[in-house]
Each structure stands twice: as structure tokens, then as C-alpha cells.
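Summary of the model geometry
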Amino acid sequence: MSVILAIESSCDETSVAICNNGKITANVIANQTIHENYGGVIPELASRVHQQNIVPVIQQALNDAKVGKSDLNAIAFTRGPGLLGSLLVGVSFAKSFAMALDLPLIAVNHMQAHILAHFIDDPKPKFPFLCLTVSGGHTQIVLVRDYFDMEIVGETLDDAAGEAFDKTAKILKLPYPGGPLIDKYAKQGNPLAFKFPEPQIKNLDYSFSGLKTSILYFIRAREKDNSDFITEHLNDICASVQHSIVGILLNKLKKAASHYGIKEIAIAGGVSANSGLRLALQEMAEKQHWNVFVPAFQYCTDNAGMIAIAGYHKYQQGDFVGQDVAPLSRMEF
Ligand code: KG4
Ligand code: ZN
């Protein structure tokens, strides 16, 4: 029997979840809208908003799960990777809370947690499986042998897939984060309207910085002839950019699946909410006879539910950390 409270504060979402015997009974997420007009997350602002949010979000999660502080058995928290100032708020709160309540502390790797979100609801993937983890800061193909036995077999050499979406959105003068907006406009557009070059990167690695530059030059060139080019063609631009990013992501995933002879395939992270990616993955799965796993929307983007389920599996293994634990902006598996 275990009731675990988990805290996520690695970027711009303050989130707290409760895991009661392996079931997520609360998952409260406070989004920060303050970054919208800056084209990206401003670390100092994010950290301050986490400080304002953390107590009410904890209270809301306890209320939602109908548990009291005395029912808790452990406190899990995101140790990294992420923005140091943001992580510090969650880590410090977790440590103080655990000390006050005399509870064990569980440190969770945010990228592993994105993958472990697949163990919240059924159907769950079977080990070993491959997971394409695509977020605002990371793009990785991970070979998952067990809950905490994971190996990165391919990753981006520069920008993450989420960054490619967000930076394109910035070029298109859309607010941050632009990924969900590009997804929305792409639904009305023609994915083959414009073509962007696919990077030629070896192995299972990715690169998205070239794509961003070619989009920027393409837009600049078209705007010379027509200053309303973006507004007039927004849907087609978004559909074409999304089509390119999804194609790049899935081509390497296909290569990884055939290299490892694995047909159990998952996607995770904020970009796994993208409807174009989900659709193309389903189509590829039918052709390749894959068994695919896509997380529920609420567990794609940053959330503490995934930290809580990771914490639950660490709790089972007795994997605790001491009060001397510190956040890590970069964190290995
Ligand atoms: O996993 P996440 O919430 O935070 C990080 O750990 O980075 O991912 C955020 C990223 C952002 O780049 C956001 O634009 C992207 O996920 N994103 C999407 C969609 N929803 C979120 N990108 C494309 N389509 C979406 N529907
Ligand atoms: Zn994330």
C-alpha cells in the first residue's frame, strides 16, 4: 500500500499528482501564461510563478485525491533535467515537506517519467519497447528494457522537435508555445503545399536547426513579393511544416524499429500530443505491423502524473534519496 505525492516543476508547469497504489487519483497542472508574448520561457519569471503556485496546487491535489498529509507514504519530485530555478522550487518544497512529515524522498528523471506515463493507464507496452520522446527540450529514441533500464539510441544534435514547432511559430508571429497552434492551423491546410529539405543525419540521430533556417529563408523570400504571405497561407505553411517534422521523426523511428527488431513502439512528451504525428504513426504502425502506444493528452505535456507513476515504481524498489539531493539541469538516465 502506498500513497505518493509527486511534484513537477522542471519548466513552466507547476504540477502535483497523487498516486494511490499505482492509480493516479489527482493530477493538477497550473500552466504559466506569462511567457506567451516572449516567444519562449523566461527562467526567472517561471521560477517566481512556481513559488506562487506550489502551495495551492499541492492543496488542490490533496483535495482532488481526497487524502490528507498524514495518508502520504512518500514524496516524489522531478530532479532534472530542466531549468535550474524552476527545479529548485519543486525540489526545495519536496525536501521540506518530506522532512516535516518524516517521509522518504524519491528523485525522478523527467525524461524517464515522460516514458513511464505509459504505465498509468491500460494498455501498457511490454518490455523491451522503443519510445520516441519528443518535447520542447529533447528529441530521443529510447530503448526501454525495464522501468529504469533505458538507453538513448538516437537523439537530436541541435534543436528538439518541440523547438522546431515553437521557433517556426515565432517566425509565423504566433505566441509561445506555438506547437499546439501549428497543429490547429495544419488541420485546415495542405501538407504538400510547400516542401522543406529533410536533414541527412547518420545513425538514429536527428537535426532540426537546418529546417528552422530553411523555413525562415522561405518566409522572408515570399514576404518580399507579398507582405501578407503568412496570413494568406498560414494553414498551408503550418500543415507543410508539421508534415516535414513528422516525416523526419517517423523515418528515424522506423529505422530504429527495424535495427532492433522491435515492434512495440511508443511516443511520449509534449509533441506526442500532435495530431499529425499521431495519425502518421497509426498509418506507419499498420504498414509495419507495430503495436503502438500513445499517451492520453493530459500525460503528454508536462504533468506530475508521470512523476507519480515513476515514483511509485521507485517506491516498490525502495529507491530513495537523502535530504542532500540537489536539482540537476542536465541529468543522465
Ligand atoms: O513535454 P513538454 O510539455 O515540456 C518539455 O519537457 O519540454 O513539451 C512542450 C513542447 C513544446 O515545444 C510545445 O510546443 C510542444 O511540446 N507541443 C506540441 C503540441 N502540444 C505541445 N507540438 C506540436 N503539436 C502539439 N499539439
Ligand atoms: Zn517534458
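What you see is a predicted model; the values in this text were computed from it and never measured.

Turning our eyes to something else, we now look at the overall build of the protein chain. Of the regular secondary structure elements, the protein chain holds nine helices and ten strands. C-alpha extents for the protein chain along the principal axes are approximately 65 × 45 × 30 Å. Out of the 333 residues belonging to the protein chain, those deemed buried represent 48%. When contacts within the protein chain are restricted to residue pairs at least 6 apart in sequence, those whose partners lie at least 24 apart make up 76%.

Right, let's talk about the packing of helix α4 (residues 161-171) against helix α5 (residues 179-186) for a bit. It is the contact of α4 with α5, at a shortest axis distance of 8 Å, that shows an interaxial angle of 75°. Classed by the angle they form, the pair α4 and α5 counts as roughly perpendicular. Side by side, α4 and α5 meet where G162, F165, D166, T168 and A169 of the first sit next to G179, L181 and I182 of the second. By residue class, the composition of the contact of α4 with α5 is four nonpolar, three polar and one charged.

A separate point is the domain arrangement of the protein chain. Often, the extent of an interface is quoted as the loss of accessible area upon association of its parts. Each assigned domain of the protein chain is listed here: domain 1 (3-115 + 300-316) and domain 2 (125-295). Measuring from the centre of the C-alpha atoms in domain 1 to the corresponding centre in domain 2 gives 27 Å. With 14 residues of domain 1 at the contact, the number on the domain 2 side is 20 residues. For the side of domain 1 that touches domain 2, a count of residues per class yields five nonpolar, eight polar and one charged.

Residues separated by three or four positions in an α-helix point in the same direction, a consequence of the helix having 3.6 residues per turn. Taking 1.5 Å per residue as the helical rise, helix α7 (residues 229-260) with its 32 residues ought to reach 46 Å, and the 44 Å between its terminal C-alpha atoms agrees with that figure. The sharpest bend along α7 comes to roughly 55°, located at N235. Note on α7: the residue one or two positions beyond its end, G261, has a positive phi of about 60°.

As a further point, take the site of ligand 1. Ligand 1 sits among 19 residues. The nearest are G136, G162, G179, G270 and N274. Mapped by element, the contributors of at least two residues to the shell around ligand 1 are α4 and α5. Class assignment of the residues belonging to the shell around ligand 1 gives a composition of six nonpolar, ten polar and three charged. Inspection of the shell around ligand 1 shows a minimum of three residues originating in each of domain 1 (3-115 + 300-316) and domain 2 (125-295).

The next point concerns the sheet that holds strand β8 (residues 149-155). Taken in spatial order, the five strands make up an open sheet running β8-β7-β6-β9-β10, and their pairing is mixed. Edge positions in the sheet fall to β8 and β10 (291-293), since each has one partner strand and no second. Across this sheet, the average inter-strand angle for adjacent strands is 25°, counted without regard to direction. Both strand β9 (residues 264-268) and β10 contribute to a ladder of three bridges, which runs parallel. By the bridge assignment for β10, E264 is matched with N291. Sheet strands in contact with α7 are β6 (129-134), β7 (139-146), β8 and β9, and its direction is about 160° off that of β6.

The subject of this paragraph is the pairing of strand β1 (residues 3-8). Burial of β1 is extensive: six of the six residues sit out of reach of the surface. Of the two faces of β1, the one carrying V3, L5 and I7 and the one carrying I4, A6 and E8 are both buried. Inspection of the sheet shows β1 paired to strand β2 (residues 13-20) by six bridges, in the antiparallel sense. Paired with A6 across the two strands is A17, which belongs to β2. Linking two consecutive strands that pair antiparallel, namely β1 and β2, is a turn of four residues.

Moving on, we get to the environment of A161. Within the secondary structure, A161 is located in helix α4. Judged by the 30 C-beta atoms lying within 10 Å of it, A161 falls in the buried class. Every residue in contact with A161, bar those within four places of it in the chain, is listed here: V134, T139, F208, I245, L249 and V271.

What follows deals with α4. Counting buried residues along α4, nine of its eleven residues qualify, which places the element largely inside the surrounding structure. Within α4 the residues assigned to the buried category are A161, G162, E163, A164, F165, D166, K167, T168 and A169. Lining the buried residues of α4 we find β6, β7, α5, α6 (209-225) and α7. Downstream of α4 by one or two residues, K173 has phi in the positive range, about 65°.

Attention shifts here to the nonpolar core. Core analysis: the biggest nonpolar cluster contains 94 residues, and A6, A17, I307 and A308 have the highest contact counts within it. Counting residues per element, this core draws most heavily on α7, at eleven residues. Counting contributing residues, this core receives three or more from each of domain 1 (3-115 + 300-316) and domain 2 (125-295). What A17 contacts, discounting residues up to four positions off in sequence, is A6, I24, A26, N27, A61, N303, A304, G305, I307 and A308.

Bringing unusual backbone geometry into the picture now. For the bond from D122 to P123, the omega torsion is -5°, close enough to zero to count as cis. Tracing the backbone shows P123 in the loop between α3 (110-116) and β6. Even without being glycine, N203 reaches a positive phi, approximately 55°. The residue N203 is located in the loop between α5 and α6 in this model.

Thresholds applied
- Residues numbered from 1 in each chain as written.
- Chains lettered and ligands numbered in written order.
- Predicted model: local features only at pLDDT ≥ 70, side-chain atom pairs only at ≥ 80, totals over all residues.
- Helix = DSSP H or I, 4+ residues; strand = E, 2+ residues; numbered from the N terminus.
- Buried ≥ 20, exposed ≤ 12 C-beta atoms within 10 Å, placed from the backbone.
- Contact = placed C-beta atoms within 7 Å.
- Axes fitted to C-alpha atoms, helices over the stretch in contact; angles between N-to-C directions.
- Parallel < 35°, antiparallel > 145°, perpendicular 65-115°, else oblique.
- Nonpolar A, V, L, I, M, F, W, Y, C, P; charged D, E, K, R; others polar.
- Domains from an automatic or database assignment.
- Expected span 1.5 Å × (residues − 1).
- Bend = angle between axes of the 7 residues up to and from the residue.
- Near = placed C-beta within 6 Å.
- Pairing = 2+ DSSP bridges.
- Core = buried A, V, L, I, M, F, W, Y, C linked by C-beta atoms within 7 Å.

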